Every structure is written in structure tokens, then in C-alpha cells.
Amino acid sequence: MNTKQLIAISAAAFAMLGAAGAHAEAYEGVHAITSSASRMDVQAEALAAARAGNPYSDSAAEGTLAVNSTLDRNAVRDQAVATAHDPLQSLDRRAFYRDQVPSAYSKPTVSFTRQAGL
């Protein structure tokens, strides 16, 4: 195709686009607020909506779940402290080749805590 044919095809395409009624939307300015509620009513509705929580969450219909535990508070705290100090607690087997954690990571042979040298 030469240049004259390309220009003719593009001109025909623009003509068809114009004939199809393609036009830009007209700007109508900023719309005025038409609310019949007072500021106090809107504020009360906003506070109620904020306290209601997320109605679209998965657990919204379940409500609060009670958990009955047989462990005392100190035992749970000791477990949490031990887990927080474990250097391998966030180790994920999916991060390794064929989902197998190397044996070097199974038990640390060195202490990760510093001892005071007296």
C-alpha cells in the first residue's frame, strides 16, 4: 500500500466514526449538594456505621467466638516467649528445593543468644 491509500483509509475510518455519533461528553459543572439531612444526623449515622464493623467480611455473621483454654496465663506467655526467641520459627519448607528443609536448619548447633563473658 502506498501513502495515498493509507490516508484514504484513515480518512474513511474517521468519517465513519463521526457518522456513528462519537462525541465527547459536555461539561455540566459541579453539581450542588442536595441533602436533606443535618450535620448531626450525618455524624450520628457515620458513628453507627463505624461501630458496626465490616458487614462484608467472612466472619461478620459468626459474631464473637469464645475460646475455652485449659492452659493458665503464665504457660501461654512462656510458650509465646519461647516461640519469639526461636530463630527458626518462621522457617517455611516451601522456600526450599522440593519443599524439604535442609538438615542444617532442623536444630541449631550454635546459640543465637549472647552470653556475658565474666
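Here we summarise the structure given alongside this text. (Residues numbered from 1 in each chain as written. Predicted model: local features only at pLDDT ≥ 70, side-chain atom pairs only at ≥ 80, totals over all residues. Heavy atoms only, no water.)

To continue, consider the overall build of the chain. Secondary structure summary: the chain contains three helices and zero strands in total. In the chain, the succession of α and β elements from N to C terminus is α-α-α. Residue burial in the chain is summarised as follows: out of 118 residues, 0% are buried. Surface accessibility of the chain: about 11,900 Å² in total, with carbon and sulfur atoms responsible for 56%. (Helix = DSSP H or I, 4+ residues; strand = E, 2+ residues; numbered from the N terminus. Buried < 20%, exposed > 50% of the residue type's maximum accessible area, 1.4 Å probe, protein only. Areas by Shrake-Rupley, 256 points an atom, 1.4 Å probe, with all protein chains shown as cover.)

Attention now goes to a nonpolar patch on the surface. On the surface, Leu 91, Val 101 and Tyr 105 cluster together to form a nonpolar patch covering roughly 230 Å² of accessible area. Structurally, Val 101 is set in the segment after α3 (73–85). A relative accessible area of 35% means that Val 101 is categorised as partly exposed. (Patch = residues over 30% accessible without salt bridge, like charges linked within 9 Å, V, L, I, M, F, W, Y side chains within 5 Å. Salt bridge = Lys/Arg side-chain N within 4 Å of Asp/Glu carboxyl O.)

Glancing now at the environment of Tyr 105. Turning to its location among the elements, Tyr 105 is positioned in the segment after α3. Using a relative accessible area of 38% as the deciding quantity, one classes Tyr 105 as partly exposed. Separated by 18 residues in the primary sequence, Tyr 105 and Pro 87 place their C-alpha atoms 9.9 Å from one another. For Tyr 105, the contacting residues outside a window of four places in its chain are Leu 88, Leu 91 and Phe 96. (Contact = heavy atoms within 4.5 Å.)

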